[in-house]
Amino acid sequence: MLLLTAAFSSHAESAEVKVGVGKSGQATIWITGEIVAGDADKFSQSIRQANDSGKFVANVRLDSPGGNLLEGVKIADAIRFGKTSTNVGKTAVCASACFLMFAAGATKNASYGAQIGVHGASGENGEETAASGAATVSMAKIAKELGVPSAIIGRMVVTSPQDMVWLSPQELQSMGVTMMGRPSQAGPPVANLQQTPPNAPLSLSPSEAGATASRTSRPDAPPTWGEIVNRAMERSASQNNGKPLFSRSCQPELRVCNVGLSYVDNQGKVAFLKIVEDMNGKIIVREACTLNDFKDVRTCINWDNGTSHRDMKGSDGSWTKVADE
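Overview of the structure. Since the structure is predicted, the reported quantities are computational estimates derived from the model, not experimental observations.

On to the pattern of salt bridges. Evaluated as defined, the whole model comprises 11 salt bridges. Between glutamate 71 and lysine 74 there is a salt bridge; the shortest N-O distance is 3.9 Å. Here the residue glutamate 71 and the residue lysine 74 both occupy positions in helix H2 (residues 69–81), the gap between them amounting to three residues, near one helical turn. On the basis of relative accessible area, glutamate 71 is assigned to the buried category, the value being 8%.

Set out below in structure tokens:
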């Protein structure tokens, strides 16, 4: 069983699915809580319940941290088939599998205080496996079919299941979401997932990245990997005509592929975030790297264990590790 559950969700109770009828006579379905096996059937039953009473389901209101991917995809299919609108209120969360449900809406509405997030799939116990890597790829394909912009899909694919990228109002608008209310109504980040302030400078020098990787979570903790990716995407897009600069290359002899996100840091140096994946899409290494002024030596920090190394570029364009820092 594959899950897309936000890191702050620790229970597995079935989501609450209920139907209400507004003054217009049209029905709204509320989905609240974690998505588990059987919730897609509950959703279909709610639609039938409304239809049997002569009511058309016009809107689905979402407040869920995610959960079972298969169930989320089934609900998303039903929402798309029914040409139903989706809505996330100003105090609501819609993350992981819930994001696909939200993206399936014929029209999509979100309040400025809503928390809508994406990340990769995980196994039943929260681990990254070959199967979860394949699930992340499938999720990306589904998101593309739903019209989600490639920039958002990119964040989804490169973000670990233990992290979360919360989408900004501008990113939501890029996928056709109508923002409701006023920006000042936006609430604080959900749970203990600390976010980088919008105007905070992005700096990933080896020493800073190493310190970040080695610290434990606490109220004043530095940004997570997902949030660093979020900031790097924004910086890269601002430097490349609105499109973040992604690259991907594979090394068949090593049976790995490298995914990179490049940008220019605060010191004017070329920097990039790098993920190494195996053939099944499982993340092996996450690194933050900086090039020297001649772009022939790079210093990289392993995000997960804080170790660093220095590589040199050869005449054939390949990189060789020359020292451990």
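We are not done yet, so read on.
As a further point, take unusual backbone geometry. Positive phi is not limited to glycine here, since arginine 255 has a value of about 60°. Among the secondary structure elements, arginine 255 is positioned in the loop between strand S12 (245–251) and strand S13 (256–264). A residue is classified by how much of its surface remains accessible, and arginine 255, at 56% relative accessible area, is exposed.

The next thing to look at is the sheet that holds strand S15 (residues 283–291). Read from one edge of the open sheet, seven strands run S12-S13-S14-S15-S16-S17-S18, paired in antiparallel fashion. Across the chains shown, the open sheet's two edge strands, defined by having one partner strand only, are S12 and strand S18 (319–324). Strand-to-strand twist of the sheet, defined as the mean angle between neighbouring strand axes without regard to direction, takes the value 30°. By the bridge criterion, five bridges tie strand S17 (residues 308–313) to S18 in an arrangement that is antiparallel. Note that in S18 the partner of lysine 313 across the bridge is tryptophan 319. The sheet strands contacting helix H8 (residues 225–239) are S12, S13, strand S14 (270–278) and S15, and the helix crosses S13 at an angle near 60°.

Closest axis-to-axis distance for the helix H4 (residues 130–145)/helix H5 (residues 150–158) pair is 10 Å, and the angle between their directions is 165°. By the angle class used here, H4 and H5 are roughly antiparallel. Pair H4 / H5 crosses with right-handed handedness. Across the interface between the two elements, Thr136, Met139, Ala140, Ala143 and Lys144 of H4 pack against Ile153, Met156 and Val157 of H5. Here the contact of H4 with H5 is built from residues that sort into six nonpolar, one polar and one charged.

A word on the nonpolar core. Counting 48 residues, the largest nonpolar core has Ile31, Leu62, Phe99, Phe102, Ile116 and Met175 as the members making the most contacts within it. The element contributing the most residues to this core is helix H3 (residues 97–103), with six residues. Excluding its chain neighbours within four sequence positions, the residues that come into contact with phenylalanine 99 are Cys94, Ile116, Gly117, Val118, Val148, Ile152, Met156, Leu167 and Met175. Listed in part, the 15 residues of the second largest apolar core include Val229, Val259, Ala271 and Ala288.

Cut-offs used in this document
- Residues numbered from 1 in each chain as written.
- Predicted model: local features only at pLDDT ≥ 70, side-chain atom pairs only at ≥ 80, totals over all residues.
- Heavy atoms only, no water.
- Salt bridge = Lys/Arg side-chain N within 4 Å of Asp/Glu carboxyl O.
- Helix = DSSP H or I, 4+ residues; strand = E, 2+ residues; numbered from the N terminus.
- Buried < 20%, exposed > 50% of the residue type's maximum accessible area, 1.4 Å probe, protein only.
- Pairing = 2+ DSSP bridges.
- Axes fitted to C-alpha atoms, helices over the stretch in contact; angles between N-to-C directions.
- Contact = heavy atoms within 4.5 Å.
- Parallel < 35°, antiparallel > 145°, perpendicular 65-115°, else oblique.
- Left-handed = near helix turned anticlockwise from the far one by under 90°.
- Nonpolar A, V, L, I, M, F, W, Y, C, P; charged D, E, K, R; others polar.
- Core = buried A, V, L, I, M, F, W, Y, C linked by side-chain atoms within 4.5 Å.

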